Amino acid sequence: DNTTGAAEAGSVAAKSQSLSPEERPTPPRRRTQLRAGQPGLRRNGLMGMGRTTRWTRRRAGHPRWTRRRSRSSTLSPCPLTTVTSGDTPYTSARTFEDLNLSPELLKGLYVEMKFSKPSKIQAISLPMILTPPYKNLIAQAQNGSGKTTGFVLGMLNYVDPNLKAPQALCICPTRELAIQHLEVLLKMGKYN
Ligand SMILES: Nc1ncnc2c1ncn2[C@@H]1O[C@H](COP(=O)(O)OP(=O)(O)OP(=O)(O)O)[C@@H](O)[C@H]1O
């Protein structure tokens, strides 16, 4: 009964006014009051879940927020097969001759670059780049392990020097890196 409730609330308020400050009951904390049902909070449907929480959940891949997006996604699935050192369906290259490279490219590797055999990342990734079945490849290895030299070799192998048109695209995050890659390419491809 609202009337009785209001009267009781009024008498409690009057009683607490007559008490000394030490004896007065502490008022409920604001959070507790809001939980009890403030119309403003209910209206926007955010009871107990602020914007931050919602976005945090969405970013964290919470099923409630990811389900709908994945259902309506028009992107085709992209299964990734992760392989680690040597664990691939391809045979790792122990020598550059194993890769069926052109004599010009081999000369560039031995004479200009002064390489004797593929590094680990090259031994694993070059057969994937140069021999069928051709697949998209994301390669990751430590700094200075021969990644750049590896993909430059792959590019040079596919480019026909007699065809005067762009045949390969290398996207670099900085201008300096692009220049460095060009230098490696010109050196390695000197005899192409
Ligand atoms: N098979 C190889 N034999 C000998 N030296 C090599 C071989 N492959 C690459 N190098 C040399 O190792 C150095 C690092 O190679 P590269 O720049 O290709 O490595 P990276 O993994 O791309 O490095 P970063 O991660 O710093 O870009 C270069 O001086 C390169 O000439």
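Residues numbered from 1 in each chain as written. Predicted model: local features only at pLDDT ≥ 70, side-chain atom pairs only at ≥ 80, totals over all residues. Heavy atoms only, no water.

Enquirer: Whenever I open this one, the overall build of the protein chain confuses me. Can you help?
Expert: The helix and strand inventory of the protein chain stands at 9 helices and 0 strands. Among the 192 residues that make up the protein chain, the fraction classed as buried is 19%. Look at the contacts in the protein chain between residues 6 or more apart in sequence, and 62% of them connect residues 24 or more apart. Accessible surface computed for the protein chain: about 15,400 Å², of which carbon and sulfur atoms make up 55%. (Helix = DSSP H or I, 4+ residues; strand = E, 2+ residues; numbered from the N terminus. Buried < 20%, exposed > 50% of the residue type's maximum accessible area, 1.4 Å probe, protein only. Contact = heavy atoms within 4.5 Å. Areas by Shrake-Rupley, 256 points an atom, 1.4 Å probe, with all protein chains shown as cover.)

Enquirer: Would you mind showing me how to read the site of the ligand here?
Expert: Near the ligand there are 13 residues, and of these Lys-117, Gly-144, Lys-147, Thr-148 and Thr-149 occur at the shortest range. Backbone polar atom of Lys-117 to a nitrogen atom of the ligand: 2.9 Å apart, as the coordinates give it. Gln-122 is positioned such that a nitrogen or oxygen atom in its side chain is 2.9 Å from a nitrogen atom of the ligand. Protein contact buries 61% of the 630 Å² of open area that the ligand shows by itself. Top contributing element to the shell around the ligand by residue count: helix α8 (residues 147–158), with 3 residues. (Near = heavy atom within 4 Å. Polar contact = N/O pair within 3.5 Å; in protein donor to acceptor, adjacent residues only side chain to side chain.)

Enquirer: What is the right way to read unusual backbone geometry from this model?
Expert: Across the chain, the bulk of peptide bonds are trans and the bulk of non-glycine residues have phi less than zero. Residue Pro-133 follows Pro-132 across a cis peptide bond; omega there is 0°. Along the chain, Pro-133 turns up in the loop between α7 (120–130) and α8. The phi dihedral of Lys-114 falls on the positive side, at around 60°, and the residue is not glycine. Note on placement: Lys-114 falls in the loop between α6 (103–112) and α7. Judged by relative accessible area, Lys-114 falls into the exposed class, the value being 65%.

Enquirer: Just checking my understanding: could you explain the pattern of salt bridges for this structure?
Expert: Note that side chains of opposite charge can pair when their charged atoms are close. Counted under the stated rule, the structure contains 1 salt bridge. A salt bridge links Lys-190 to Glu-112; the nearest nitrogen and oxygen atoms lie 3.3 Å apart. Residue Lys-190 is found in the segment after α9 (175–188), and its partner Glu-112 is found in helix α6; the two are separated by 78 residues along the sequence. With relative accessibility at 53%, the residue Lys-190 sits in the exposed group. (Salt bridge = Lys/Arg side-chain N within 4 Å of Asp/Glu carboxyl O.)

Enquirer: For this particular structure, what's the right way to read the packing of α8 against α9?
Expert: To describe two helices that pack against each other, one gives the angle between their axes and the distance between the axes. It is the contact of α8 with α9, at a shortest axis distance of 10 Å, that shows an interaxial angle of 55°. The angle between α8 and α9 falls in the class oblique. Helix-helix and strand crossings are classified by hand; for α8 and α9 the assignment is right-handed. Along the contact surface, α8 presents Thr-148, Thr-149, Phe-151, Val-152, Leu-153, Met-155 and Leu-156, while α9 presents His-181, Val-184, Leu-185 and Met-188. Partitioned by chemical class, the residues of the contact of α8 with α9 number 8 nonpolar, 3 polar and no charged. (Axes fitted to C-alpha atoms, helices over the stretch in contact; angles between N-to-C directions. Parallel < 35°, antiparallel > 145°, perpendicular 65-115°, else oblique. Left-handed = near helix turned anticlockwise from the far one by under 90°. Nonpolar A, V, L, I, M, F, W, Y, C, P; charged D, E, K, R; others polar.)

As far as function goes, none of this settles anything; it's purely spatial.
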